[in-house]
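Here are the chains, one letter per residue:
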2 protein chains.
Amino acid sequence: MSTRIQRRNRGLILEAALDVFSSRGFRGATLDEIARAAGLSKPNLLYYFDSKEAIHRALLDDLLETWLEPLRTIDPQGDPQAEIMAYMRRKLQMARDFPRESRLFANEILQGAPRLGDFIAGELRTLVEDRCQLIARWVAQGRLAPIDPLHLVLSIWSLTQHYADFDAQIRLIRGGTDPMAGADSFLDTLYTRLLSPPAAVGGDPAAPPSSCAKYSGG
Amino acid sequence: MSTRIQRRNRGLILEAALDVFSSRGFRGATLDEIARAAGLSKPNLLYYFDSKEAIHRALLDDLLETWLEPLRTIDPQGDPQAEIMAYMRRKLQMARDFPRESRLFANEILQGAPRLGDFIAGELRTLVEDRCQLIARWVAQGRLAPIDPLHLVLSIWSLTQHYADFDAQIRLIRGGTDPMAGADSFLDTLYTRLLSPPAAVGGDPAAPPSSCAKYSGG
DNA sequence: AACAGACTTGACCAACCAGTCAAGATTGTT
DNA sequence: AACAATCTTGACTGGTTGGTCAAGTCTGTT
């Protein structure tokens, strides 16, 4: 059971901590700065969370489900190209809506994934392998242009999260204009051209490149 | 004038500092750790560099020229598609050869580019604008498929540096196999499909999308 | 050998850090 | 009003950090 005050203050702390951790990394963040941003005293932070580590952990835990969900949503029964385009658009929308979460994640990976190793090597890896098998089947059926499924997935992560993670750089280069302006239509164009199966209708889909072979067993 | 010992020790320090800064970020790195990695005492580090900040600065300064050079190398007289493919391949090779430098840069941008703001808003921005004008001309001439030049450049940065910056994640997902295996041919495929102008030979190149218009004045 | 300049470091300092604690303030309930 | 549970915090601790300094060692030159 948690009180009204607990819910409010835990919320304030996590919100402030997301700001600080995402922009300074774990070691660069200080409890004093989080406390100041949350409008609470430092001992009060530690009344609600056991440690700096625990706050960070709580943020990551919130994040992980949100992170996996769009990948889970890909529907094996749907149209291959439409499914992948929709996945890419969901990820881009997440970069727009949750840029701090993206940077929190990026910070964690950049430092060698010390706290996310288990999640990545476990749940995420399993899910990615499953999705790669699905994509490989679609390619084998000639419903997608021949492509390496894993690199396709990585490219979607890379291209969408880039707008959140490198926001500071893009802002400085574009000087003023919205960093993500034009990103939607660019990525639509990119993945349409990348994925559209060769115009040749019907028959004989080309053999998938060898890099897909390892997934075709599913 | 610098002595033999100076050259050797400055080199040892910068090499060690690159390891530490790239994996921990500026605030997460400590002089003790750099000193230990370099095999020198902490006061000795500060005999060769004025401060922690100065070591970091020296690393970034070394980096910036290397970073710009491939973009400069794009030849306005060359074949458009070949020039951009070659640029992409150079960037991918840099991600392979200098992953720590890429992560050092990524750390800096993630934290809001506090030390690179001037470089990015100045030299880099000017160069990028110039290259975008060039690409926009190529598109207008129908020698490249219609595409937003800035997002094209951003996509190359994103897709190549991703293999260095998110190395830890890719390693954990692939479990053992070389994180960059297959990246070359994937990116070759991607940019070939993205950039190849429509098969229609000769005449009437389609009007470039409006997002290119702002570059067409150069 | 002798000497100056270059190099090295143990011991230290002030500032900052995560986390503790005891004492007090606030809140919800009767 | 009274009381217990919840909430809040100033003052503190032990450990770490970037950086200093005086005293020393090493190196190249004569």
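Scroll up a little and you will see the structure.
Residues numbered from 1 in each chain as written. Chains lettered and ligands numbered in written order. Predicted model: local features only at pLDDT ≥ 70, side-chain atom pairs only at ≥ 80, totals over all residues. Heavy atoms only, no water.

**Student:** With reference to specific residues and values, describe the overall build of chain A.
**Tutor:** The helix and strand tally for chain A stands at eleven helices and zero strands. The order of α-helices and β-strands along chain A, N terminus first, is α-α-α-α-α-α-α-α-α-α-α. Buried positions account for 50% of the 218 residues belonging to chain A. Sequence-distant contacts in chain A: of pairs separated by 6 or more residues, those separated by 24 or more amount to 73%. For chain A, the accessible surface area stands at approximately 9600 Å², while carbon and sulfur atoms represent 52% of it. Positive and negative charge centroids in chain A, built from 26 and 27 side chains respectively, lie 4 Å apart. (Helix = DSSP H or I, 4+ residues; strand = E, 2+ residues; numbered from the N terminus. Buried < 20%, exposed > 50% of the residue type's maximum accessible area, 1.4 Å probe, protein only. Contact = heavy atoms within 4.5 Å. Areas by Shrake-Rupley, 256 points an atom, 1.4 Å probe, with all protein chains shown as cover. Lys, Arg positive; Asp, Glu negative; His and termini not counted. Charge placed at Lys NZ, Arg CZ, Asp CG, Glu CD.)

**Student:** Go over the protein's contact with DNA strand D with me, naming the residues and quoting the values.
**Tutor:** As a matter of local geometry, DNA strand D sits amid 19 residues, with Thr-3, Gln-6 and Tyr-48 of chain A together with Arg-4 and Lys-52 of chain B nearest to it. A share of 60% is what sugar and phosphate atoms reach among the atoms of DNA strand D within 4 Å of the protein. Within the contact set of DNA strand D, a phosphate oxygen lies 3.1 Å away from a side-chain nitrogen or oxygen of Tyr-47 of chain A. Secondary-structure elements contributing two or more residues to the surface near DNA strand D are α1 (4-28) and α3 (42-48) of chain A together with α3 (42-48) of chain B. Looking at the surface near DNA strand D residue by residue, the classes come out as eight nonpolar, seven polar and four charged. (Near = heavy atom within 4 Å. Polar contact = N/O pair within 3.5 Å; in protein donor to acceptor, adjacent residues only side chain to side chain. Nonpolar A, V, L, I, M, F, W, Y, C, P; charged D, E, K, R; others polar.)

**Student:** Any chance you could break down the protein's contact with DNA strand C for me, citing the residues and the numbers?
**Tutor:** In the vicinity of DNA strand C lie 19 residues, with Arg-4 and Lys-52 of chain A together with Thr-3, Gln-6 and Tyr-48 of chain B positioned nearest. Interatomic distance of 2.4 Å between a side-chain N/O atom of Arg-4 of chain A and a phosphate oxygen of DNA strand C. One of the backbone N or O atoms of Lys-52 of chain A is found 2.7 Å from a phosphate oxygen in DNA strand C. When residues of the surface near DNA strand C are traced back to their parent elements, those giving at least two are α3 of chain A together with α1 (4-28) and α3 of chain B.

**Student:** Go over the nonpolar core, please, and point to the residues and values.
**Tutor:** Among the nonpolar cores identified, the biggest contains 144 residues, and Tyr-191 of chain A together with Tyr-191 of chain B are the most heavily contacted of them. Filtering out sequence-adjacent residues up to four positions away, Tyr-191 of chain A remains in contact with Gln-81, Met-85, Met-88, Leu-152, Ser-155, Ile-156 and Leu-159 of chain A. (Core = buried A, V, L, I, M, F, W, Y, C linked by side-chain atoms within 4.5 Å.)

**Student:** A description of the packing of α1 of chain B against helix α6 (residues 99-110) of chain B should follow, citing residues and the corresponding values.
**Tutor:** Residue and element names in this part refer to chain B. Orientation of α1 relative to α6, taken along the N-to-C sense of each, is 50 degrees, at an axis distance of 8 Å. Of the possible angle classes, the one that applies to α1 and α6 is oblique. The chirality of how α1 crosses α6 is left-handed. Contacts from Glu-15, Leu-18, Asp-19, Phe-21, Ser-22 and Gly-25 in α1 reach Arg-100, Glu-101, Arg-103, Leu-104 and Asn-107 in α6. Among the residues making up the contact of α1 with α6, the classes are represented as three nonpolar, three polar and five charged. (Axes fitted to C-alpha atoms, helices over the stretch in contact; angles between N-to-C directions. Parallel < 35°, antiparallel > 145°, perpendicular 65-115°, else oblique. Left-handed = near helix turned anticlockwise from the far one by under 90°.)

**Student:** How would you explain the pattern of salt bridges if you had to name every residue and give the values?
**Tutor:** Residue and element names in this part refer to chain A. One pass over the full model with this rule turns up 28 salt bridges over all chains. A salt bridge links Lys-42 to Asp-32, with the shortest nitrogen-to-oxygen separation between them at 3.8 Å. One end of the pair, Lys-42, is in helix α3; the other, Asp-32, is in helix α2 (residues 31-38), and ten residues separate them in sequence. In this structure, the salt-bridge partner of Arg-89 is Asp-188, at a minimum N-O distance of 3.0 Å. Of this pair, Arg-89 sits in helix α5 (residues 80-97) while Asp-188 sits in helix α10 (residues 183-195), and the two are 99 residues apart along the sequence. For Arg-89, a relative accessible area of 41% corresponds to the partly exposed category. Ionic contacts of the salt-bridge type, sharing partners, join the residues Glu-15, Asp-19 and Arg-100 into one network. (Salt bridge = Lys/Arg side-chain N within 4 Å of Asp/Glu carboxyl O.)

**Student:** Go over the packing of aromatic side chains, please, and point to the residues and values.
**Tutor:** The tally for this structure, following the rule as stated, stands at six aromatic pairs over all chains. Pairing Trp-67 of chain A with Phe-105 of chain A gives two aromatic rings, centres 5.6 Å apart and planes at 35 degrees, and the pair type is tilted. Of the two residues, Trp-67 of chain A sits in helix α4 (residues 52-73) while Phe-105 of chain A sits in helix α6 (residues 99-110), which places them 38 residues apart along the sequence. In this structure, Trp-67 of chain A and Phe-105 of chain A share a single accessibility class: buried. Summarising the aromatic geometry, the rings of Tyr-47 of chain B and Tyr-48 of chain B are spaced 5.0 Å apart at their centres and angled 85 degrees between planes, so their arrangement reads as edge-to-face. For Tyr-47 of chain B, a relative accessible area of 60% translates into the label exposed. (Phe/Tyr/Trp six-rings, centres within 6.5 Å; stacked < 30°, edge-to-face > 60°.)

**Student:** So, the relation of the copies chain A and chain B: which residues are in play, and what are the values?
**Tutor:** Taken as rigid bodies, chain A and chain B are interconverted by a rotation of 180 degrees and an axial shift of 0.0 Å, the fit giving an RMSD of 0.1 Å. Classification of the inter-copy transformation places it as that of a two-fold axis. (Least-squares fit on C-alpha atoms with pLDDT ≥ 70 in both.)

**Student:** So what about helix α8 (residues 149-165) of chain A? Which residues, and what values?
**Tutor:** All names here are of chain A. Relative to the 24 Å expected for 17 residues at 1.5 Å per residue, α8 spans 24 Å between its end C-alpha atoms, a close match to the ideal helical length. Where burial is concerned, most of α8 is hidden: 17 out of the 17 residues are buried. Sitting at the head of α8, Asp-148 places a side-chain oxygen 3.0 Å from the backbone nitrogen of Leu-150. (Expected span 1.5 Å × (residues − 1).)

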